[in-house]
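# Breakdown of the fold
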Amino acid sequence: NALDTDGWFHLDRTIGNNHLQASIQLRIEATHTGDDACMVLEDPVVNLSRDVLETLNVLDNDDLEIFEENDNLAIQNLLEELEVKSPAVKALLQGCRGALKRGPAGYPMANVKCDVVAVDCGTSNASSSTQAPTPGSLQAAAAHAIHTLLAENQLDK
């Protein structure tokens, strides 16, 4: 069974002098069915969709070919590369991984995959729609969306 945000999850907060604003759509699902008598626990996997990476403006033409070929290993390698190069990608991945590792009720999650389907910086006027969300906004939105999704599905007890 998969959990998803069922549309946009919005974060709009001010902490001190920092205004955090971003929206995110994501989906969490098990990577193993639990049918095995013995299962190896694996860290959560976080994937960012092509739409997310295009929104963050971090893809070049060679990167687009990787998505068209649908090569999962190449896509994971690209995400590792982009995590080093782009503060926004790094923050988004860290927000998801951190929330999954904290897990419901403080217990780390294992054998799950989180697909970030879409992100939006939530700017209010059309002229600034190309403005990238701040890394802090992305990290906070991802972490809060996962925490809320788990809580709403009573996985926090």
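The sections below set out a description of the structure shown in this document. (Residues numbered from 1 in each chain as written. Predicted model: local features only at pLDDT ≥ 70, side-chain atom pairs only at ≥ 80, totals over all residues. Heavy atoms only, no water.)

Turning our eyes to something else, we now look at the overall build of the protein chain. Each helix and strand counted, the protein chain has five helices and five strands in total. Along the protein chain, helices and strands appear, N-terminal first, in the series β-β-β-β-α-α-α-α-β-α. Taking all contacts inside the protein chain whose residues are at least 6 apart in sequence as the whole, residues at least 24 apart take part in 70%. As displayed, the protein chain has an accessible area near 9,300 Å², and 46% of this comes from carbon and sulfur atoms. (Helix = DSSP H or I, 4+ residues; strand = E, 2+ residues; numbered from the N terminus. Contact = heavy atoms within 4.5 Å. Areas by Shrake-Rupley, 256 points an atom, 1.4 Å probe, with all protein chains shown as cover.)

To continue, consider unusual backbone geometry. Backbone geometry at Asn-57 places phi at a positive 55°, although glycine is not the residue there. Note on placement: Asn-57 falls in the loop between helix H1 (50-55) and helix H2 (61-69). Residue classification places Asn-57 among the exposed residues on the basis of a relative accessible area of 68%. Here Asn-111, not a glycine, exhibits a phi torsion of approximately 55°, which is positive. (Buried < 20%, exposed > 50% of the residue type's maximum accessible area, 1.4 Å probe, protein only.)

Moving on, we come to helix H3 (residues 72-85). Relative to the 20 Å expected for 14 residues at 1.5 Å per residue, H3 spans 20 Å between its end C-alpha atoms, a close match to the ideal helical length. Burial in H3 covers these residues: Ala-74, Ile-75, Leu-78, Leu-79, Leu-82 and Glu-83. Looking at the buried side of H3, the elements it contacts are strand S4 (45-48), H1, H2 and helix H4 (87-102). You can read the cap of H3 off the contacts: a side-chain oxygen lies 3.2 Å from the backbone nitrogen of Leu-73, and it is on Asp-71. (Expected span 1.5 Å × (residues − 1). Polar contact = N/O pair within 3.5 Å; in protein donor to acceptor, adjacent residues only side chain to side chain.)

This part is about the environment of Glu-152. Mapped onto the secondary structure, Glu-152 falls in helix H5 (residues 135-152). As a C-alpha pair, Glu-152 and Leu-3 span 149 residues in sequence and 10.0 Å in three-dimensional space.

Right, let's talk about the packing of H3 against H4 for a bit. The axes of two packed helices give the description: the angle between them and the distance between them. Where H3 contacts H4, the axes come no closer than 6 Å and their chain directions differ by 115°. Accordingly, the angle class assigned to the pair H3 and H4 is roughly perpendicular. Every pair of crossing elements has a handedness; the one defined by H3 and H4 is left-handed. Contacts from Leu-79, Leu-82, Glu-83 and Lys-85 of H3 reach H4 at Pro-87, Val-89, Lys-90, Leu-93 and Arg-97. Of the residues belonging to the contact of H3 with H4, the class tally is five nonpolar, no polar and four charged. (Axes fitted to C-alpha atoms, helices over the stretch in contact; angles between N-to-C directions. Parallel < 35°, antiparallel > 145°, perpendicular 65-115°, else oblique. Left-handed = near helix turned anticlockwise from the far one by under 90°. Nonpolar A, V, L, I, M, F, W, Y, C, P; charged D, E, K, R; others polar.)

Our focus in this paragraph is a negative patch on the surface. Together, Asp-60, Asp-62, Glu-65, Glu-69 and Asp-71 make up a region of like negative charge exposed at the surface. Counting through the fold element by element, Glu-69 comes out in helix H2. Looking at Glu-69, the relative accessible area reads 58%, which means it is exposed. (Patch = residues over 30% accessible without salt bridge, like charges linked within 9 Å, V, L, I, M, F, W, Y side chains within 5 Å. Salt bridge = Lys/Arg side-chain N within 4 Å of Asp/Glu carboxyl O. Lys, Arg positive; Asp, Glu negative; His and termini not counted. Charge placed at Lys NZ, Arg CZ, Asp CG, Glu CD.)

On to H4, then. Its 16 residues give H4 an end-to-end C-alpha distance of 22 Å, which sits within 8% of 22 Å, the value for a rise of 1.5 Å per residue. Residues of H4 that are buried: Ala-88, Val-89, Ala-91, Leu-92, Leu-93, Gly-95, Cys-96, Gly-98, Ala-99 and Leu-100. Packing partners of the buried residues in H4 comprise strand S3 (18-30), S4, H1, H3, strand S5 (112-120) and H5. Looking one or two residues past H4, Gly-103 carries a phi angle of roughly 60°, positive in sign.

Turning next to the environment of Leu-53. Counting through the fold element by element, Leu-53 comes out in helix H1. Given the relative accessible area of 0%, Leu-53 is considered buried. Apart from residues no more than four positions distant in its own chain, Leu-53 is found in contact with Leu-48, Val-58, Leu-59, Phe-67, Leu-79, Leu-82 and Val-89.

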